[in-house]
Amino acid sequence: MQTYLDKTYHAAIYLRLSREDGDFTGLGEKKESNSIANQRKLIEDFLKNHPEIISYQEFCDDGYTGTNFDRPDFQRMLDQIKKREINCIVVKDLSRFGRDYIDSGKYIEKIFPALGVRFIAINDNYDSAMTQQAGNEIILPFKNLINDSYSRDISIKVRSNLEIKRRNGEYVGTHVMYGYRRSEENKNQLVIDPDAAPVVQTIFRMKIDGYSPAQIANKLNVDGIPSPAEYKRLCGDKYRSAFQKSVHPLWSAMTIYRILKNEVYTSTLVQGKSSSPNYKVKTRTQKDPSEWVRVEDTHEAIISAANFDLVQRLMLDDTRSPSGKQGVHLFSGKVFCGDCHASMVRKAKKSCGRDYIYLMCSAHQKDSHFCFTHAIREQTVYDAVLAVIQAQVSLALDLEKALKKLDGVSWERRELQQIQRKIVRQEEIIDYNMKMKLNIYEDFKMEVITMEEYKMFKEDCDKKIQEAKNAISRLQGNRNLVKSGLTEQQSWLSQFKEYKNIKTLTRRVIVHFVDRIEISADKEVHVTLNNADQFQAITEFLDIYQKNPAAEKASGKETKEVR
């Protein structure tokens, strides 16, 4: 009878270490982790005492998880096993082979025996060729189960730790977005990259000026500005993206689009947008936006919140660049028919050797029976919009002067009182739902409701309590935003000083000031301005204060309690 010692083996020594287990970084001069070298040395010493293993090949997955078998060198080893080039596998221990209880057992107890492959785990004292080893059939599944449980516990701890960091406003992403870099003092803190940040500002500025993402990308490529992926490569980062098509990738419209949509440039971190079901499933699914972790003022902003919001509105507009030209027309995406609300289109006409530009209802152009032409000269719209903007600037500067004359505490007091009223309301919601939980528990004990009903009602109460607590936390944070009194309002109004003597309109002026322009059938121009609500709030405050300033000051006692 032939024993395993009478047979010769062509072995595969398999080495593995996940990033979480070891010190592999994938950067710099370090090609592999120290533990991989230790595994190799242990196995080579073992092979010296086993002359029946006459040759071996090495397969190494450094930086790969053991919770699945989608590893490049493991799959390469499996291919050679199926070709009968390898009939033995040697690993340091079972955890290096894999940490998935079901799949590890399937390979060791079914697939490898069927293929005639001997499996050796040195530190676990397991050798499939040594049938006389008592208890292997029982001990092996338990060891695999322990390795699986270890991975599960590690996964839970890692997920919990990452969630805490996200909620604390710490950046936990693998790669830092273009325009920022990690702080040298704190890897979870973002700081501005002085070389890349100006490019981000240029991208937003060009979008405000009417350029499309494709036009912005083309301009950056022509100017020789390295794309985000190329910039990382030049900085020594081995970053690779699924969107990357070439070794030296160029700017693309999609890259520009993602930058324009990224709220991180306003100093707000938005994380936790996707997740995997558990540690065994690596496919990530997108979460509902309500579940994202959003923390404001975590780092220095590259783009102001006002400009970011402006760009988001512009990206919703239906704008097209004229053929062969950069940017869009002055009123593109802003002018609409006052009756059918369709967009207005530009038409050029010649009269007496001169060119005139008219705006016409696009719906009428498609079907003359659907709506009136609403035809109006573009110059007429230009003059009307300029007059409205000049009046808006004048009003803003007058409001700023009026606010400066007031007691600086008044605005702060009013805002703090409003916040306190909202906090009290949320506390009432918490108190009510806490009492409800007690009542439904008593109903359950008295068998008035079933267990399923109890769980459903309790879950609903818990949800409302948590929502109220989150609201209180946000409101308490908002107190810091008004502690400077009128400063923020005056700062917002002071931006209009830039347009104090405005004489002409540009695309940037239009998008900053104008929300919508409607042309009526009788050719009246109705202009809806941005920030109308904020102007109204300041005007109402000034009106209330000027009518009864004593009432505002009398509330000082309540304000002290709020603080």
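Higher on the page you've got the structure.
Residues numbered from 1 in each chain as written. Predicted model: local features only at pLDDT ≥ 70, side-chain atom pairs only at ≥ 80, totals over all residues. Heavy atoms only, no water.

**Q** Give me the packing of aromatic side chains: which residues, what numbers.
**A** Under the defined criterion, the tally for this structure stands at 20 aromatic pairs. Judged by centre distance (5.9 Å) and plane angle (65 degrees), the rings of phenylalanine 97 and phenylalanine 112 are edge-to-face. Of this pair, phenylalanine 97 sits in helix 3 (residues 94–97) while phenylalanine 112 sits in helix 4 (residues 101–114), and the two are 15 residues apart along the sequence. Judged by its relative accessible area of 0%, phenylalanine 112 falls in the buried class. With a centroid separation of 5.0 Å and 70 degrees between ring planes, the pair formed by phenylalanine 97 and phenylalanine 119 is classed as edge-to-face. Pair noted here: phenylalanine 97 is in helix 3 and phenylalanine 119 is in strand 4 (residues 118–121), with a separation of 22 residues, a long-range link. (Phe/Tyr/Trp six-rings, centres within 6.5 Å; stacked < 30°, edge-to-face > 60°. Helix = DSSP H or I, 4+ residues; strand = E, 2+ residues; numbered from the N terminus. Buried < 20%, exposed > 50% of the residue type's maximum accessible area, 1.4 Å probe, protein only.)

**Q** Break down helix 10 (residues 305–314) for me, citing the residues and quoting the values.
**A** Buried within helix 10 we find Phe308, Leu310, Val311, Gln312 and Leu314. On its buried face, helix 10 is in contact with helix 6 (197–208), helix 9 (253–261) and helix 16 (507–513). Capping the start of helix 10, serine 304 holds a side-chain oxygen 3.2 Å from the backbone nitrogen of asparagine 307, two or three residues further along. (Contact = heavy atoms within 4.5 Å. Polar contact = N/O pair within 3.5 Å; in protein donor to acceptor, adjacent residues only side chain to side chain.)

**Q** Can you lay out the nonpolar core for me, pointing to particular residues and giving the numbers?
**A** The nonpolar side chains of a soluble globular protein tend to be buried with one another. Counting residues in hydrophobic clusters, the biggest one holds 34 residues, and the most contacted among them are Phe331, Val385, Ile389, Leu505 and Phe513. By residue number, the principal contributor to this core is helix 12 (residues 378–404), which donates 10 residues. Each residue touching phenylalanine 513, except ones within four places of it in the same chain, is listed here: Ile389, Gln392, Val393, Phe496, Tyr499, Leu529 and Asn530. Core analysis: the second largest hydrophobic core is formed by 32 residues, Ile259, Phe308, Leu310 and Val511 among them. (Core = buried A, V, L, I, M, F, W, Y, C linked by side-chain atoms within 4.5 Å.)

**Q** An account of the environment of lysine 469 is needed here, citing residue identities and associated values.
**A** Among the structural elements, lysine 469 can be located in helix 14 (residues 451–482). Judged by relative accessible area, lysine 469 falls into the partly exposed class, the value being 45%. Taking C-alpha positions, lysine 469 is 8.0 Å from glutamate 427, a pair spaced 42 residues apart along the chain.

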